Amino acid sequence: YMSLIAILGALFLEQIFPLNSYTKIRIGLRNAIDYIERTLSSQHVKPWQIFWFITLAGALVAGLLGFAFDWMNLFLGLIFTVAVLYMTLGIRQFSHYYSKIREALLEKEDDKARAALSEWLREEAELTGYRGSVQVAQLNEKQIIRQSLEMAILSSLRYVFAALFWFLLLAIFKIGVAGVVFYRLADLVARRWHLRAGGKEDEYTRYAGKIMTYIEYLPARCAALIFAVVGNFEDSLYAWRTQASSLRQLGEP
């Protein structure tokens, strides 16, 4: 029950005070990750060691703090959990872009929709390098819709479903905050490496891509199943079976 209350509290708080990617706390976190990586890289540490040092150290600190607050007072533990969830997940981080595009298309203002999509892609590219090669100016209305839906589904996985999956999985062992911090740090490190590579492949991006495939394997399929149940279940499963191989490239930079 406490985990459910924490999730609802964090999502409610985010609706009132939505966060974006440029808050001082998040910029500080990105700078700290870059600093740790530079320090470890100067000692010729391998990519996998950097990746797991950052993610596991962050998860360990969050887990220990969660235990400490719960031990002192359950209410303090709840406040800490809500704060961590508030910082690590949320729909409002991307939903306003999708709303702008939808409203522009309903008003038949394709240029306005392209501008909103470009802004969305630029913000994602600053963090991830995602879809940096998309020429938004050349997209027609159907392609704008497809690209927006693709971005919305991918963002919902990264900002909501995957983070919640790892939180709820480790909440069984009373360390849910460690799970959500682990995923957010892993996602952020992988994004930074892809951005730094500028669309090229190196040992960092190869390792990040491989490990994130494992980390997001179950969350992505749980999210797909939820979308299928909410939508057309039979057609969704048929498309999943017959088109999975051709759709694997959609999320690649």
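Residues numbered from 1 in each chain as written. Predicted model: local features only at pLDDT ≥ 70, side-chain atom pairs only at ≥ 80, totals over all residues. Heavy atoms only, no water.

Peer 1: Give me the lowdown on the layout of surface pockets, citing residues and values where you can.
Peer 2: In this structure, the second largest pocket occupies an estimated 600 Å³ of space. What lines the second largest pocket is a set of 29 residues, among which Leu 29, Thr 88, Arg 184, Leu 185 and Leu 188 lie closest to the centre. For the lining of the second largest pocket, the secondary structure elements donating two or more residues are helix 2 (24–41), helix 3 (47–72), helix 4 (74–88) and helix 8 (176–197). A per-class count over the lining of the second largest pocket returns 20 nonpolar, four polar and five charged. (1 Å grid on protein atoms, 1.4 Å probe; cavity = no way out; pocket = protein on both sides within 12 Å on 5 of 7 lines; lining within 4 Å. Points joined across faces, edges and corners; volume = space filled by probe spheres on them. Helix = DSSP H or I, 4+ residues; strand = E, 2+ residues; numbered from the N terminus. Nonpolar A, V, L, I, M, F, W, Y, C, P; charged D, E, K, R; others polar.)

Peer 1: Describe a nonpolar patch on the surface, listing the residues and the values that go with them.
Peer 2: Taken together, the side chains of Trp 71, Met 72, Phe 75, Leu 76 and Ile 79 define a hydrophobic patch exposed on the protein surface, amounting to about 610 Å² of accessible area. Those elements that place two or more of their residues in the nonpolar patch are helix 3 and helix 4. Looking at the nonpolar patch element by element, the count peaks at three residues for helix 4. Position of Trp 71 among the secondary structure elements: in helix 3. (Patch = residues over 30% accessible without salt bridge, like charges linked within 9 Å, V, L, I, M, F, W, Y side chains within 5 Å. Areas by Shrake-Rupley, 256 points an atom, 1.4 Å probe, with all protein chains shown as cover. Salt bridge = Lys/Arg side-chain N within 4 Å of Asp/Glu carboxyl O.)

Peer 1: Account for the environment of Pro 18, with residues named and values stated.
Peer 2: The topology assignment puts Pro 18 in the loop between helix 1 (2–16) and helix 2. Considering only alpha carbons, one finds Pro 18 and Tyr 86, 68 residues apart in sequence, at a separation of 9.1 Å.

Peer 1: Explain the packing of aromatic side chains to me, using residue names and the numbers behind them.
Peer 2: Taken as a whole, this structure holds nine aromatic pairs when the rule is applied. When the centroid spacing of 5.7 Å and the interplanar angle of 70° are considered together, the rings of Trp 166 and Phe 182 count as edge-to-face. Taken as a pair, Trp 166 in helix 7 (residues 141–171) and Phe 182 in helix 8 lie far apart in primary sequence, 16 residues in all. Since its relative accessible area comes to 10%, Phe 182 is described here as buried. Joined through ring pairs, the aromatic side chains of Phe 51, Trp 52, Phe 165, Trp 166, Phe 182, Trp 193, Tyr 204 and Tyr 207 make up one cluster. Over the ring of Tyr 204 we find Arg 196; its NZ or CZ atom is 4.7 Å from the centre of that ring. When the ring centre of Tyr 217 is taken as reference, the NZ or CZ atom of Arg 221 above it lies at 3.7 Å. (Phe/Tyr/Trp six-rings, centres within 6.5 Å; stacked < 30°, edge-to-face > 60°. Buried < 20%, exposed > 50% of the residue type's maximum accessible area, 1.4 Å probe, protein only. Lys NZ or Arg CZ within 6 Å of the ring centre and 35° of its normal.)

Peer 1: How would you sum up the packing of helix 2 against helix 8? Please name residues and give values.
Peer 2: Helix 8 packs onto helix 2 with a crossing angle of 70° between their chain directions and a minimal axis gap of 11 Å. Here helix 2 is positioned roughly perpendicular relative to helix 8, judged by the angle of their axes. Contact residues: helix 2 offers Leu 29, Arg 30, Ile 33, Asp 34 and Glu 37, while helix 8 offers Leu 185, Leu 188, Val 189, Arg 192, Trp 193 and Arg 196. When its residues are assigned to classes, the contact of helix 2 with helix 8 shows six nonpolar, no polar and five charged. (Axes fitted to C-alpha atoms, helices over the stretch in contact; angles between N-to-C directions. Parallel < 35°, antiparallel > 145°, perpendicular 65-115°, else oblique. Contact = heavy atoms within 4.5 Å.)

Peer 1: Any chance you could break down the pattern of salt bridges for me, citing the residues and the numbers?
Peer 2: What the rule picks out here adds up to seven salt bridges. The salt bridge partner of Lys 100 is Glu 119, with a shortest N-O separation of 4.0 Å. Placement of Lys 100 in helix 5 (residues 92–106) and of Glu 119 in helix 6 (residues 110–127) is noted, with a sequence separation of 19 residues between them. Take Glu 119: its relative accessible area is 33%, and that puts it in the partly exposed class. A salt bridge links Asp 111 to Arg 114, with the nearest nitrogen and oxygen atoms 2.9 Å apart. In this pair, Asp 111 and Arg 114 are both assigned in helix 6, three residues apart and thus about one turn of the helix distant. A relative accessible area of 62% means that Asp 111 is categorised as exposed. By sharing partners, the salt bridges in this structure join Arg 184, Asp 187 and Arg 191 into a single network.

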